[in-house]
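Close look at the chain arrangement
Each chain is listed here by its residues.
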Amino acid sequence: MTRMLIVGPQGSGKGTQAKLISEKLGIVAIATGDIFRANIKGETELGKEAKKYVDAGDLVPDSLTNRLVEDRLSWDDAAGGFLLDGYPRNRTQAATLDEMLSRLGVDLDLVLELTADTEELTQRLKKRAEIEGRDDDADENVIRRRLELFESETRPMIDEYKTRGLAKQVDGLGSVEDVNARIMAAIQA
Ligand code: ADP
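Okay, so let's go over this structure. (Residues numbered from 1 in each chain as written. Predicted model: local features only at pLDDT ≥ 70, side-chain atom pairs only at ≥ 80, totals over all residues. Heavy atoms only, no water.)

1. Focus: the sheet that holds strand E4 (residues 110–115)
Read across the sheet, 5 strands follow the order E2-E3-E1-E4-E5 without closing on themselves; strand pairing throughout is parallel. One side of each edge strand has no neighbouring strand; the edge strands of this open sheet are strand E2 (28–31) and strand E5 (167–171). Strand-to-strand, the axes of this sheet are offset by a mean angle of 20 degrees, without reference to chain direction. Both strand E1 (residues 3–7) and E4 contribute to a ladder of 4 bridges, which runs parallel. When the bridges of E4 are listed, Val7 appears paired with Glu113. Helix H8 (residues 140–163) contacts E1, E4 and E5 of the sheet and is inclined by roughly 130 degrees relative to E4. (Pairing = 2+ DSSP bridges. Helix = DSSP H or I, 4+ residues; strand = E, 2+ residues; numbered from the N terminus. Axes fitted to C-alpha atoms, helices over the stretch in contact; angles between N-to-C directions. Contact = heavy atoms within 4.5 Å.)

2. Notes on the pattern of salt bridges
Inspection of every chain in the model, using the stated rule, returns 20 salt bridges. Measuring nitrogen to oxygen at the nearest pair gives 3.7 Å for the salt bridge that ties Glu45 to Lys48. Taken together, the residues Glu45 and Lys48, both in helix H3 (residues 45–56) and 3 residues apart, mark about one turn of the helix. The exposure classification of Glu45 matches that of Lys48, with both residues exposed. A salt bridge links Glu113 to Arg155; the shortest N-O distance between them is 3.3 Å. On the criterion of sequence distance, the pair formed by Glu113 in strand E4 and Arg155 in helix H8 is long-range, its members being 42 residues apart. Taking the relative accessible area as the measure of exposure, Glu113 reaches 2% and is therefore buried. (Salt bridge = Lys/Arg side-chain N within 4 Å of Asp/Glu carboxyl O. Buried < 20%, exposed > 50% of the residue type's maximum accessible area, 1.4 Å probe, protein only.)

3. A closer look at the nonpolar core
Counting 22 residues, the largest nonpolar core has Leu5, Leu73, Phe82, Leu84, Leu97 and Tyr161 as its most contacted members. Those elements that provide at least two residues to this core are E1, E2, helix H4 (62–73), strand E3 (82–85), helix H5 (91–104) and H8. Contacts of Leu97, omitting those with residues within four sequence positions, involve Leu5, Leu73, Leu84, Tyr87, Pro88 and Tyr161. Ile21, Leu83, Leu114 and Val170 belong to the second largest nonpolar core, which has 15 residues in total. (Core = buried A, V, L, I, M, F, W, Y, C linked by side-chain atoms within 4.5 Å.)

4. Some remarks on the site of the ligand
Taken together, 20 residues lie around the ligand, and Thr32, Asp58, Gly86, Arg89 and Arg146 are the ones closest in. Contact distances for the ligand include 3.3 Å between an oxygen atom and a side-chain N or O atom of Gln10. Bound to the protein, the ligand loses 97% of the 540 Å² it would expose on its own. For the shell around the ligand, the elements supplying multiple residues, two or more each, are helix H2 (32–41) and H3. (Near = heavy atom within 4 Å. Polar contact = N/O pair within 3.5 Å; in protein donor to acceptor, adjacent residues only side chain to side chain. Areas by Shrake-Rupley, 256 points an atom, 1.4 Å probe, with all protein chains shown as cover.)

What follows is the structure in structure tokens.
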């Protein structure tokens, strides 16, 4: 299992688990949100284009996001495998990813879906706002917008992966270690 996606709503712990999976499997974790934030901080051209969307909790346009990922997947460190965190986020991006992978001559092995209920997610995001200082976690309207987009855009994409038999669900509630143990079991199963 070397080419995988981790999906789940905001606050489900994707980023934390992505780092652990990446260490344990020795594959690179690529998080589109982290790449956007780094570019916004560095005031690059990409950052300037992405900023208004990220600040509002909207999706950065597919064309921009797809190009970014295609470039990132061409780096040497992604040749032996990768874990994508935060991409794809809708059916268009998923279709584009399929095309990229077919050009590279590789297949997707697994889509890990982390689940958690909305109440728990909102609590976690508020806590994260205090710890990490992310602007998009500090504003309740922006949090709501991101969770809405997860339901309207990302959920149908996950359903499609389920239909293709690629998705596995893992309960995201509990300690980081417990959730990670469930994930590693699911990967090895
Ligand atoms: P979260 O999952 O908590 O929203 P991320 O770090 O994954 O956090 O994403 C932060 C923001 O970056 C998103 O709200 C969105 O504006 C942008 N973003 C990240 N990934 C994508 C993507 N695949 N497509 C479009 N926008 C994205």
